[in-house]
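Notes for the structure review
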Amino acid sequence: MRNAKRSGVCLIAALSLCTGMLGLSGCVGEVSGTRSALRAMFALADCDGRYLADVASSMSYSADSLTPGATSGLTFDLGIPGNPPILKTREIVITIPADFAFLGFNALGNGAQIGRWDFEWNNPDGVFDSNNVGYTIPHYAIDANNAYADALLNGSYDSGTDSTASYSTGAGGEHVITLILPFGAATLGGNCSYFDTDTRYTLLDGLLQLPSAAGDYDIGISATSVDPDTGDADDSAGIGPSTYARVVTMTVPEPSGTLLLASSLLVLGVLRRVRRA
């Protein structure tokens, strides 16, 4: 059964990846010539400094399963406002506790589809409508530690254009997934996104295994915008990128069988006390 929880944090990844993915977003246009500090100031002003914290509202996620030790697919839904615009996102880092198990992007096979973006923009009202999808971008495994979003729908990875995901292990055994979106996932336009859409990201079952023990697990998500100086990576000059960081708690409940057993023991204990009385 699908268990849903409301949380802006878990969908930051979705928001960040979707913003400008199709090349339909951006500011008025690219300014030719040297990217001076003056241009950076104007570029930032186009978004008025707005970033993820200003739009993280219409968001939710659900898991196919919350059974301890089971694998589970995930679904992220969110509404992305384009008016007022926000800065595009270039990098997202997701840190998952070591209690989880990451089975590899290629757990479903090398080159296998591992997920997809569905965009619904005919009526962007903050509620995703699966019957009104306007565009879909599939995600594919490259190998165990790398995957990409096939934005051009050509069935191959295009370096410098397609967004990528890479996996590494943290010092404490955490699972760290880093998403890179070249030029905020849109080479056209400027540093801002004006694209209105209700969006769903589906991560297929089989890549992530839940902890074997029930409990609350904190997942960290941090995002970094494009650098207003470059429209892409930080050049350590002028106005720096904006950042956003949050922590979400995923609750893995006790298995239903355990709860049933606990209830049965409680009932038996009550009956014994009644009999003794």
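Procedures and definitions
Residues numbered from 1 in each chain as written. Predicted model: local features only at pLDDT ≥ 70, side-chain atom pairs only at ≥ 80, totals over all residues. Heavy atoms only, no water. Salt bridge = Lys/Arg side-chain N within 4 Å of Asp/Glu carboxyl O. Buried < 20%, exposed > 50% of the residue type's maximum accessible area, 1.4 Å probe, protein only. Helix = DSSP H or I, 4+ residues; strand = E, 2+ residues; numbered from the N terminus. Contact = heavy atoms within 4.5 Å. Polar contact = N/O pair within 3.5 Å; in protein donor to acceptor, adjacent residues only side chain to side chain. Phe/Tyr/Trp six-rings, centres within 6.5 Å; stacked < 30°, edge-to-face > 60°. pLDDT = per-residue confidence, 0-100.

Focus: the pattern of salt bridges
- Within the structure shown, the criterion is met by two salt bridges.
- Two residues, Asp118 and Arg116, come together in a salt bridge whose shortest N-O distance is 3.0 Å.
- In this structure Asp118 comes out as buried when scored by relative accessible area, which is 7%.

Section: the environment of Val252
- If you trace the backbone, Val252 turns up in strand β16 (residues 243–252).
- Classification of Val252 as buried rests on a relative accessible area of 1%.
- With 186 residues separating them in the primary sequence, Val252 and Leu66 have C-alpha atoms 5.7 Å apart.
- Ignoring anything within four residues of it in the chain, the contact list for Val252 reads Leu66, Pro68, Pro211, Ala213, Ala214, Gly215 and Tyr217.

A closer look at the side chain of Arg50
- Looking at where Arg50 falls in the secondary structure, it is placed in the loop between α2 (37–47) and β2 (59–63).
- Among the residues examined, Arg50 registers a relative accessible area of 18% and is labelled buried.
- Of the polar contacts made by the side chain of Arg50, one reaches the backbone oxygen of Pro85; its length is 2.8 Å.
- Ignoring sequence-local partners within four residues, the contact set of Arg50 consists of Pro84, Pro85, Ile86 and Leu87.

What about the packing of aromatic side chains?
- Throughout the structure, instances matching the rule amount to eight aromatic pairs.
- Between Phe102 and Phe105, the ring centres sit 5.0 Å apart and the planes meet at 75°, which makes this aromatic pair edge-to-face.
- By relative accessible area, Phe105 is classed as buried at 6%.
- The structure contains a cluster of three or more aromatic residues connected by ring pairs, namely Phe102, Phe105 and Tyr167.

Some details on the confidence of the model for the protein chain
- The pLDDT averaged across the protein chain works out to 74; a share of 71% of its residues lies at or above 70.
- Per-residue pLDDT stays below 50 along residues 1–43; that stretch engages in 138 contacts with residues further than four places along the chain or on separate chains.
- Residue range residues 257–275 is modelled with pLDDT below 50. Its contacts to residues more than four positions away, or to other chains, number one contact.

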